[in-house]
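Observations on the three-dimensional arrangement
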Amino acid sequence: MSMPAADANRVLRVARPIDGFPVAEDFAVEPLPMPEIGDRELLVRTIYISIAPGVRPLLPYKGEAPDVAQGAGAGRVGGADDDVPNPTRIGIGERMRSGIVPSMSKFAGGTVGEVIQSRHPDYAPGDFVFGGRYCQLYEAIHGDASIKLDPAQLPIEADLGLLGRSAFTGWCGYRRVADPKAGETIVVSSAAGAVGMMVVQLAKREGLDVIGIASGASKCDFVQTLGARACIDRKAEDVGAALDRLAPAGVDIYFDNAGGFLQRPVFDRLKPFGRLIVCGMAAEYGGAEQSVLPTGTILGKRLRVQGFVVLDYEDDYPAFREEVVRLWREGSLAYRQQLYQGLEEVPQALADCLSGQSGGGKLLVQVSPDTSVGGRGP
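Calculation notes
Residues numbered from 1 in each chain as written. Predicted model: local features only at pLDDT ≥ 70, side-chain atom pairs only at ≥ 80, totals over all residues. Heavy atoms only, no water. Helix = DSSP H or I, 4+ residues; strand = E, 2+ residues; numbered from the N terminus. Rg over C-alpha atoms; globule rule 2.2 N^0.38 Å. Contact = heavy atoms within 4.5 Å. Areas by Shrake-Rupley, 256 points an atom, 1.4 Å probe, with all protein chains shown as cover. Salt bridge = Lys/Arg side-chain N within 4 Å of Asp/Glu carboxyl O. Axes fitted to C-alpha atoms, helices over the stretch in contact; angles between N-to-C directions. Parallel < 35°, antiparallel > 145°, perpendicular 65-115°, else oblique. Nonpolar A, V, L, I, M, F, W, Y, C, P; charged D, E, K, R; others polar. Expected span 1.5 Å × (residues − 1). Buried < 20%, exposed > 50% of the residue type's maximum accessible area, 1.4 Å probe, protein only. Lys, Arg positive; Asp, Glu negative; His and termini not counted. Polar contact = N/O pair within 3.5 Å; in protein donor to acceptor, adjacent residues only side chain to side chain. Pairing = 2+ DSSP bridges. Phe/Tyr/Trp six-rings, centres within 6.5 Å; stacked < 30°, edge-to-face > 60°. Core = buried A, V, L, I, M, F, W, Y, C linked by side-chain atoms within 4.5 Å.

Some points on the overall build of the protein chain
Check the secondary structure of the protein chain and you find eight helices and 15 strands. Computed over its C-alpha atoms, the radius of gyration of the protein chain comes to 21 Å, within 12% of the 21 Å expected for a compact globule of 378 residues. C-alpha atoms of the protein chain, sized along the principal axes, occupy 65 × 50 × 40 Å. Partitioning the contacts of the protein chain with sequence separation of at least 6, the portion at a separation of at least 24 is 69%. Of the roughly 15600 Å² of accessible surface on the protein chain, a fraction of 51% belongs to carbon and sulfur atoms.

Details of the pattern of salt bridges
Oppositely charged side chains are able to pair whenever their charged atoms sit close together. Considering all chains together, one arrives at 20 salt bridges under this definition. The closest approach of N and O atoms between Arg16 and Asp26, which form a salt bridge, is 2.6 Å. Of this pair, Arg16 sits in the loop between strand E1 (10-14) and strand E2 (27-31) while Asp26 sits in the loop between E1 and E2, and the two are ten residues apart along the sequence. Across the pair Lys181 and Asp179 runs a salt bridge, and its minimum N-O distance is 3.0 Å.

Remarks on the packing of helix H2 (residues 196-205) against helix H7 (residues 317-330)
Running from N to C, H2 and H7 point in directions that differ by 75°, and their axes come no closer than 13 Å. Relative to H7, the element H2 lies roughly perpendicular. Across the interface between the two elements, Met198, Leu202 and Arg205 from H2 touch Phe320, Glu323, Val324 and Leu327 from H7. Classifying every residue of the contact of H2 with H7 gives five nonpolar, no polar and two charged.

Overview of H7
Since the α-helix packs 3.6 residues into each turn, any two residues three or four apart lie on the same face. Here H7 contains 14 residues, and its C-alpha end-to-end distance of 20 Å stays within 8% of the 20 Å for a straight helix at 1.5 Å per residue. Looking only at H7, the buried set comprises Tyr317, Phe320, Arg321, Glu323, Val324, Val325 and Leu327. Turning to H7, the residues buried within the fold contact helix H1 (165-177) and H2. Two residues or fewer after H7 comes Gly331, characterised by a positive phi angle close to 80°.

Comments concerning the side chain of Lys362
Looking at the element boundaries, Lys362 is found in strand E15 (residues 362-366). Buried Lys362, no salt bridge; nearest opposite-charge side chain is Asp159, N-O distance 12 Å. Here Ser50 takes part through its side chain, which lies 2.7 Å from a polar atom of the side chain of Lys362. Those residues in contact with Lys362 that sit more than four places away from it in its chain are Ser50, Ile51, Ala52, Leu160, Gly161, Ser166, Ala194, Met197, Tyr335, Arg336, Gln337 and Gln338.

Digging into the environment of Val251
Relative to the helices and strands, Val251 is located in strand E11 (residues 251-256). Looking at Val251, the relative accessible area reads 0%, which means it is buried. Sequence separation between Val251 and Val309 is 58 residues, and the spatial gap between their C-alpha atoms is 24 Å. Excluding anything up to four places from it in sequence, Val251 contacts Thr185, Val187, Arg269, Leu270 and Lys271.

Description of the sheet that holds strand E8 (residues 185-188)
Ordered in space as E10-E9-E8-E11-E12-E13, the six strands form an open sheet in which the pairing is parallel. At either margin of the open sheet sits one strand with a lone partner, and together these are strand E10 (230-233) and strand E13 (304-307). Taken over all neighbouring pairs, the strand axes of this sheet differ in orientation by 15° on average, direction set aside. Where E8 meets strand E9 (residues 209-214), four bridges bridge the pair, whose relative direction is parallel. Residue Ile186 lies in a different strand from E9, and its bridge partner there is Val210. Seen against the sheet, helix H3 (residues 217-225) touches E9 and E10 and runs at an angle of roughly 165° to E10. Sheet strands in contact with helix H4 (residues 239-246) are E8, E9 and E10, and its direction is about 160° off that of E10.

Considerations on the packing of aromatic side chains
One pair of aromatic rings is described through two measures. These are the centre distance and the angle between the planes. The tally for this structure, following the rule as stated, stands at seven aromatic pairs. When the ring of Phe107 is compared with that of Tyr317, the centres are 4.6 Å apart and the planes differ by 35°; the resulting orientation is tilted. Residue Phe107 is located in the loop between strand E3 (41-51) and strand E4 (111-118), and its partner Tyr317 is located in helix H7; the two are separated by 210 residues in the primary sequence. Residue Tyr317 is classed as buried on the basis of its relative accessible area of 7%. Ring geometry for Phe168 versus Phe320: centroids 5.0 Å apart, planes at 40°, classification tilted. In this pair, Phe168 is assigned in helix H1 and Phe320 in helix H7, connecting sequence segments 152 residues apart. Like Phe320, Phe168 is buried. One aromatic cluster in this structure is built from Phe107, Phe168, Trp171, Tyr317 and Phe320.

Considerations on the nonpolar core
Formed by 46 residues in total, the largest nonpolar core has its most connected members in Ile186, Phe255 and Phe320. Those elements that provide at least two residues to this core are H1, E8, H2, E9, H3, E11 and H7. With residues near it in sequence (within four places) discarded, Phe320 still touches Leu162, Leu163, Gly164, Ala167, Phe168, Trp171 and Met198. Of all hydrophobic cores here, the second largest spans 30 residues; its members include Val14, Ile51, Val346 and Val367.

Regarding unusual backbone geometry
Not every positive phi belongs to a glycine, and Arg40 is a case in point at roughly 65°. Here Arg40 lies in the loop between E2 and E3. Given a relative accessible area of 31%, Arg40 falls into the partly exposed group.

Quick look at the structure:
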């Protein structure tokens, strides 16, 4: 395999503070020297980049930043000695990230690509790997912090979608935090998104009554194909009134991926001993919405409000992967993804993800040809 030209690499950098949802002018695509790899490292040509709303609080804000993950480290528990760069910030002039830093976790990547050059005994040119962290065309990544992919088992982009961090987040939140029981009513916000669609399907399989919330009729239709009994279109319906109609006895679990104004009407309808699982706050990341919860009600109803960070559950990844691959092969797990083309489309994909303007599912950006078996070529 021939080495790419010395001037073939490009990177997406943060150009200025961002006002609300990102736009193309907030970033700059610039040339970047081709990485030189050290011992046990790989030179990887990036093919797919994962887009997730959780990166927005890391980016600089124009004006006052919303109180979302600000100063409350987003790294793993016990990660005080993690190397720079700062895992909770991306500064002006820095490379745009997809994965989580520091980079020595096998499960914190945000890209998949093809090995061009290897100085690691377990990898060879032509292998496909998960493990990149940045929005750039070529990246030096550590082989010990990567996962070799088998295109004959699943498409390589599955490790960003079906088996990606967002799907893993939904699995962990449902399996390890929500304490679900058959017959309970669970409400899932952003139910058509990468996290929500995993939770909806797991809950349905295990006998819970599932009600989704999504933005737009087409997304709601999709959520119902996943097994939700109903889906509330937050753009067209009063969420509280819809819940009074659909779940007059109340809600046992609210799996919240949105936060913001949507949170209170569901919270108010939690039963005694109900659970609010704070997974994401996509509606708050741009600063336009903010949620205020009543602590008196939390006390009176003995509600459990719990947030979680998926990095705390890395040891569960093999169990997650085994279950999801099995369900996928059985044909009992659906997964949707939306593909954007070109490094320049990362800002638009992120804006669509944050605003709810996407078509639902996991958002990916393809930045180079996929030459794997069954892959999307040039």
